[in-house]
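For reference, the chains in residue letters:
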Amino acid sequence: MQKADFSETEKKLGYVFRDKSLLETCFTHASYAKTHGTQSNERLEFLGDALIGFLVAEELYRGSDDQEGDMTKRRIAIVSKRPLEEAVRAMGIGYVYFSGGENNLGKKSISSLFEAVAAGIYLDGGMECARTFVREKLLPYAGNFDDFKSRLNELYPHAVQYGECSRSGQDHAPCFTVRVTASGKSAQGSGASKEQAEQSAAKALLELLDTKRGE
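Attention in this report is confined to the structure presented alongside it. (Residues numbered from 1 in each chain as written. Predicted model: local features only at pLDDT ≥ 70, side-chain atom pairs only at ≥ 80, totals over all residues. Heavy atoms only, no water.)

Side note on the overall build of the protein
Now for step 1: Across its full length, the protein holds 11 helices and 3 strands.
Now for step 2: Along the protein, helices (α) and strands (β) appear in the sequence α-α-α-α-α-α-α-α-α-α-β-β-β-α when read from the amino end.
Now for step 3: Classification of the 215 residues of the protein by burial places 43% in the buried group.
Now for step 4: The contacts in the protein between residues at least 6 apart in sequence include a share of 55% that link residues at least 24 apart.
Now for step 5: About 11800 Å² of surface is accessible on the protein, with carbon and sulfur atoms providing 46% of the total.
Now for step 6: Once the 28 positive and 31 negative side-chain charges of the protein are each reduced to a mean point, those two points are 3 Å apart. (Helix = DSSP H or I, 4+ residues; strand = E, 2+ residues; numbered from the N terminus. Buried < 20%, exposed > 50% of the residue type's maximum accessible area, 1.4 Å probe, protein only. Contact = heavy atoms within 4.5 Å. Areas by Shrake-Rupley, 256 points an atom, 1.4 Å probe, with all protein chains shown as cover. Lys, Arg positive; Asp, Glu negative; His and termini not counted. Charge placed at Lys NZ, Arg CZ, Asp CG, Glu CD.)

In structure tokens, the structure reads:
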């Protein structure tokens, strides 16, 4: 593996690694690791997922008087692909070691990079450094999204189904319509992408189910 200069990346992270090999692993995608016989960031991603969940839960516990259910919904919304992806893009970072071109990266790979970096900072500098990273780099963007799909999955695990109803508009400006079903009820939503349409449908179904429970 040819050594890369991570100085600009560390500035964007707001953290300087003592263990540069750990830093390199944080930014090594599995596609590169498999073809070059090195270690990917997947193990760090596993650790980072749990770590971020804990740190966000801690922030919610200390920063509000919300009840358990409300804090759970908020934590799920924050520790999801969309806010993590937004945080990565806001920092202007990306995989340094990747085979296939950055444009081929899926949203899951982008959000996983934040998890891997958080774990790397924790292993390199300890919990307080990881806490600062999550607080400064994730939480400012966490309020940009309300993950209705995650809320619905939390309420009805393994029982939520989505189906595309239609697609209209031009290729550069499509409009998707999606139907979601759970607990014997269904609702539709539309958006410029399938993800947006699914979020819209999930929101509509949650509102419908809340109304039914209140009757």
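Overview of the packing of aromatic side chains
Now for step 1: All chains considered together, the criterion is met by 6 aromatic pairs.
Now for step 2: Arranged with centres 5.3 Å apart and planes meeting at 45 degrees, the rings of Y32 and Y97 form a pair that is tilted. One end of the pair, Y32, is in helix α3 (residues 30-36); the other, Y97, is in the loop between α6 (81-91) and α7 (107-125), with 65 residues separating them in the sequence.
Now for step 3: By relative accessible area, which is 11% here, Y32 ends up buried.
Now for step 4: With a centroid separation of 4.8 Å and 25 degrees between ring planes, the pair formed by F114 and F133 is classed as stacked. Pair noted here: F114 is in helix α7 and F133 is in helix α8 (residues 127-137), with a separation of 19 residues, a long-range link. Taken as a pair, F114 and F133 share a single burial class, namely buried.
Now for step 5: One aromatic cluster is present, formed by F6, F27, Y32 and Y97 through successive ring pairs.
Now for step 6: The side chain of K149 reaches across the aromatic face of Y162, ending 5.4 Å from its centre. (Phe/Tyr/Trp six-rings, centres within 6.5 Å; stacked < 30°, edge-to-face > 60°. Lys NZ or Arg CZ within 6 Å of the ring centre and 35° of its normal.)

Here we look at the state of the cysteines
Two cysteines, two sulfur atoms, one covalent bond between them: this is a disulfide.
Now for step 1: Under the criterion given, the structure shown has 0 disulfides.
Now for step 2: Left unpaired, C129 is separated from the closest cysteine sulfur, that of C26, by 13 Å.
Now for step 3: This cysteine, C165, is not joined by any disulfide, and C175 carries the nearest cysteine sulfur, 11 Å off.
Now for step 4: Judged by relative accessible area, C165 falls into the partly exposed class, the value being 40%. (Disulfide = S-S within 2.5 Å.)

Details of the pairing of strand β1 (residues 161-170)
Now for step 1: Of the strand pairs in this sheet, β1 and strand β2 (residues 173-182) are connected by 9 bridges, and their pairing is antiparallel. By the bridge assignment for β2, E164 is matched with V178.
Now for step 2: Counted between consecutive antiparallel strands, the loop separating β1 from β2 contains 2 residues. (Pairing = 2+ DSSP bridges.)

Points about the nonpolar core
Looking at soluble globular proteins, one finds that nonpolar side chains tend to be buried together.
Now for step 1: Judged by nonpolar contacts, the single largest core of 38 residues is most densely connected at F27, F114, F133 and L138.
Now for step 2: Put simply, the parts of the chain that give this core at least two residues each are α2 (20-26), α4 (42-63), α5 (68-78), α6, α7 and α8.
Now for step 3: Beyond its immediate sequence surroundings of up to four residues, F133 is in contact with L13, M91, F114, V117, A118, I121 and L138.
Now for step 4: Core analysis: the second largest hydrophobic core is formed by 12 residues, F148, L152, A201 and L205 among them. (Core = buried A, V, L, I, M, F, W, Y, C linked by side-chain atoms within 4.5 Å.)

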